[in-house]
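Each chain is listed here by its residues.
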Amino acid sequence: MRLSDFDYELPVELIAQEPLALRESSRMLVVDRAANNFRNAAFADLSSYLRKGDVLVLNNTKVFPARLFGKLSTGARVETFLIRKNADGSWLALARPGKRLSVGKTIEFDERLSATVLAKHDDGQVEVVFASTGDIDNLIDELGRTPLPPYIKREIDAIDDDRGRYQTVYASNRGAIAAPTAGLHFTPNILQNIKNKAVTVVEVTLHVGYGTFEPVRVDDLSQHKVSEERYEISSETAELLNKAKNENRRIIAVGTTTTRALESNFARYGSFAAVDNFADLTITPGFAFRAIDALLTNFHLPQSSLLVLVSTFAGHKLIMSAYRHAVAEKYRFTATVTAC
């Protein structure tokens, strides 16, 4: 299929710019693959769509403020967007405007933190190494700004009004440059209601990286490759997932990031394995899902890799019809769609 097959009209006014006052108050569109239909619902009623014995899988990654604003020795301003920490301690990053940078140049963020360019890549990414007078992670947390999705517009000075809200209530493992947004609707009360139905709740970690929201630059989807992202599955979680799979109980992924971690893991090892590795799977039409049975996810932008993933899971025609319905019903697009 072509990327153009995943286009739909999305009025700009439907793209939610502010979170609802209550996390769980979003509407929810339930997509039933077996019945080939969909229906309006409310996220607060999520537990009613779950069954005893289901396993709900959350991504517990925690967002850190990966956008840093600094200056060169010339006084020119540079924005640095951290993507991933390398094994040698250097960072892969995006820099804007990149044309101002060359190998050896240093970006000063303040008197305590600077970064020197080690390498420039053809795709516009750079490798930098930090120098500091204190703990680098703590300084990044202090000086950095929260990296919001490109469809949420904020003035630079107002970005960190969202720092607390743009984090799941179960976030615990620092390392993501963006939140696993499907999880933003959960509250402790919602999670307790789910557990009260004898649903097992487990956690994995996939540190959301540039690949999650990187634009698709080719129309032929067979030529598209999603950048790898680091994930981790514990031995306890792997054991619970394998037990559920062997007993034909449903495994429900919360978010496309959780889906990518689980499907990458299962595809590589043939069952769920406890590992700290990289998810390098690109899910496009024709992919056979083996790890998950249902998916809870937000709505996604036209012609995005995430919309391709969801359509591959639930069926292209059904998902595109559901999206057109959501637009007609004026859903807020960071709301929720459930495919089961």
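Here's a quick rundown of the structure. (Residues numbered from 1 in each chain as written. Predicted model: local features only at pLDDT ≥ 70, side-chain atom pairs only at ≥ 80, totals over all residues. Heavy atoms only, no water.)

1. Comments concerning the overall build of the protein chain
The condition that has to hold: Each helix is a run of DSSP H or I of at least 4 residues and each strand a run of E of at least 2, with the numbering of both proceeding from the N terminus. The contact rule is simple, with two residues in contact once any of their heavy atoms fall within 4.5 Å. Think of it this way: Lys and Arg go in the positive column, Asp and Glu in the negative one, and His and the chain ends go nowhere. Charge coordinates come from a single atom per side chain, which is NZ of Lys, CZ of Arg, CG of Asp or CD of Glu.
The helix and strand inventory of the protein chain stands at seven helices and 17 strands. For the protein chain, the spread of C-alpha atoms along the principal axes amounts to about 65 × 45 × 40 Å. Within the protein chain, contacts between residues separated by at least 24 positions form 69% of all contacts whose residues are at least 6 apart in sequence. Averaging the locations of the 41 positively and 41 negatively charged side chains of the protein chain gives two centres separated by 3 Å.

2. Considerations on helix 7 (residues 316–328)
In an α-helix, one full turn covers 3.6 residues, which means residues spaced three or four apart are oriented alike. Selection criterion: Expected span, for any helix, means 1.5 Å times one less than how many residues it has. The classification of residues rests on relative accessible area computed with a 1.4 Å probe and restricted to protein chains. Under 20% of the type maximum is buried, over 50% is exposed, and intermediate values are partly exposed.
The terminal C-alpha atoms of helix 7, which comprises 13 residues, lie 18 Å apart, in line with the 18 Å expected from a rise of 1.5 Å per residue. Inspection of helix 7 places Leu318, Ile319, Met320, Ala322, Tyr323, Ala326 and Val327 among the buried residues, and these make up the whole buried set.

3. Thoughts on the packing of helix 6 (residues 305–314) against helix 7
Filter applied, for reference: For helices, the axis comes from a line fit to the C-alpha atoms of the stretch in contact; other axes are also lines fit to C-alpha atoms, and the angle between any two N-to-C directions lies between 0 and 180 degrees. For classification purposes, angles smaller than 35 degrees are called roughly parallel, those larger than 145 roughly antiparallel, those between 65 and 115 roughly perpendicular, and all remaining angles oblique. In this count, Pro and Cys sit with the nonpolar residues alongside Ala, Val, Leu, Ile, Met, Phe, Trp and Tyr, while Asp, Glu, Lys and Arg are called charged and the others, Gly among them, polar.
Helix 7 packs onto helix 6 with a crossing angle of 120° between their chain directions and a minimal axis gap of 7 Å. Classified by the angle their axes make, helix 6 and helix 7 are oblique. Across the interface between the two elements, Leu307, Val310, Ser311 and Ala314 from helix 6 touch His316, Leu318, Ile319, Met320 and Tyr323 from helix 7. Partitioning the contact of helix 6 with helix 7 into residue classes produces seven nonpolar, two polar and no charged.

4. Some points on the environment of Thr297
Note the threshold: Whenever two N or O atoms come within 3.5 Å, that pair is a polar contact, provided that in protein one can donate a hydrogen and the other can accept it, and provided that, for residues adjacent in sequence, both atoms are side-chain atoms.
Its location among the elements puts Thr297 in strand 16 (residues 294–298). In this structure the C-alpha to C-alpha distance between Thr297 and Thr259, which are 38 residues apart in sequence, comes to 9.8 Å. A polar contact of 2.7 Å, which involves the side chain of Thr297, links it to the side chain of His300.

5. Observations concerning the pairing of strand 5 (residues 67–71)
Going by this rule: Should DSSP find at least two bridges between two strands, the strands are regarded as paired.
Looking at chain direction, strand 5 and strand 6 (residues 77–85) are connected through five bridges and run antiparallel. Looking at strand 6, one finds that Lys71 is bridged to Arg77. What sits between strand 5 and strand 6 in their antiparallel hairpin is a turn of five residues, with Gly75 showing a positive phi close to 95°.

6. A short note on the pattern of salt bridges
Definition in use: Any Lys or Arg side-chain nitrogen located within 4 Å of an Asp or Glu carboxyl oxygen qualifies as a salt bridge.
Following the criterion strictly, the structure yields 14 salt bridges and no others. Among the ionic pairs, Glu247 bridges to Lys243, the shortest N-O distance being 2.8 Å. Judged by its relative accessible area of 44%, Lys243 is partly exposed. Of the charged contacts in the structure, one is a salt bridge between Asp280 and Arg268, with a shortest N-O distance of 3.3 Å. Here Arg268 lies in helix 5 (residues 256–269) and Asp280 lies in the loop between strand 15 (275–279) and strand 16, a separation of 12 residues in the sequence. Residue class for Arg268 comes out partly exposed when judged on its relative accessible area of 44%.

7. Focus on the packing of aromatic side chains
Just so we agree on the cut-off: Ring pairs shown here join Phe, Tyr and Trp side chains whose ring centres sit within 6.5 Å, with only the six-membered ring taken for Trp; geometry is labelled stacked below 30 degrees between planes, edge-to-face above 60, and tilted in between.
One pass over the full model with this rule turns up 13 aromatic pairs. An angle of 80° between the planes, with centres 5.0 Å apart, marks the rings of Phe289 and Phe313 as edge-to-face. Residue Phe289 is located in the loop between strand 15 and strand 16, and its partner Phe313 is located in helix 6; the two are separated by 24 residues in the primary sequence. A relative accessible area of 5% means that Phe313 is categorised as buried. For the ring pair Phe299 and Tyr331, a centre distance of 5.7 Å and an interplane angle of 70° mean the geometry is edge-to-face. Taken together, the positions of Phe299 in the loop between strand 16 and helix 6 and Tyr331 in the loop between helix 7 and strand 17 (336–339) put the pair 32 residues apart, joining distant regions of the chain.

8. Things to note about the pairing of strand 9 (residues 113–120)
Pairing analysis gives four bridges linking strand 8 (residues 106–110) to strand 9, with the strands arranged antiparallel. When the sheet's bridge partners are listed, Ile107 is paired in strand 9 with Ala115. Where strand 8 folds back onto strand 9 in an antiparallel hairpin, the turn is made up of two residues.

9. A few points about the environment of Leu82
Within the fold, Leu82 resides in strand 6. According to the relative accessible area criterion, Leu82 is buried, its value standing at 0%. Beyond its immediate stretch of four places on either side in the chain, Leu82 contacts Phe64, Ala66, Leu68, Trp91, Leu92, Ala93, Phe130, Ile140 and Ile177.

10. Concerning the side chain of Gln167
Secondary-structure assignment places Gln167 in the loop between helix 1 (136–143) and strand 11 (173–176). At 2.6 Å, the side chain of Gln167 forms a polar contact with the backbone nitrogen of Val63. When neighbours within four sequence positions are excluded, Gln167 is seen to be in contact with Arg23, Thr61, Lys62, Val63 and Leu184.

11. Some remarks on the side chain of Asn242
Checked against the element boundaries, Asn242 lands in helix 4 (residues 235–246). Classification of Asn242 as buried rests on a relative accessible area of 19%. At 2.8 Å, the side chain of Asn242 forms a polar contact with the backbone oxygen of Phe272. Those residues in contact with Asn242, other than ones at most four positions away along the chain, are Ser271 and Phe272.

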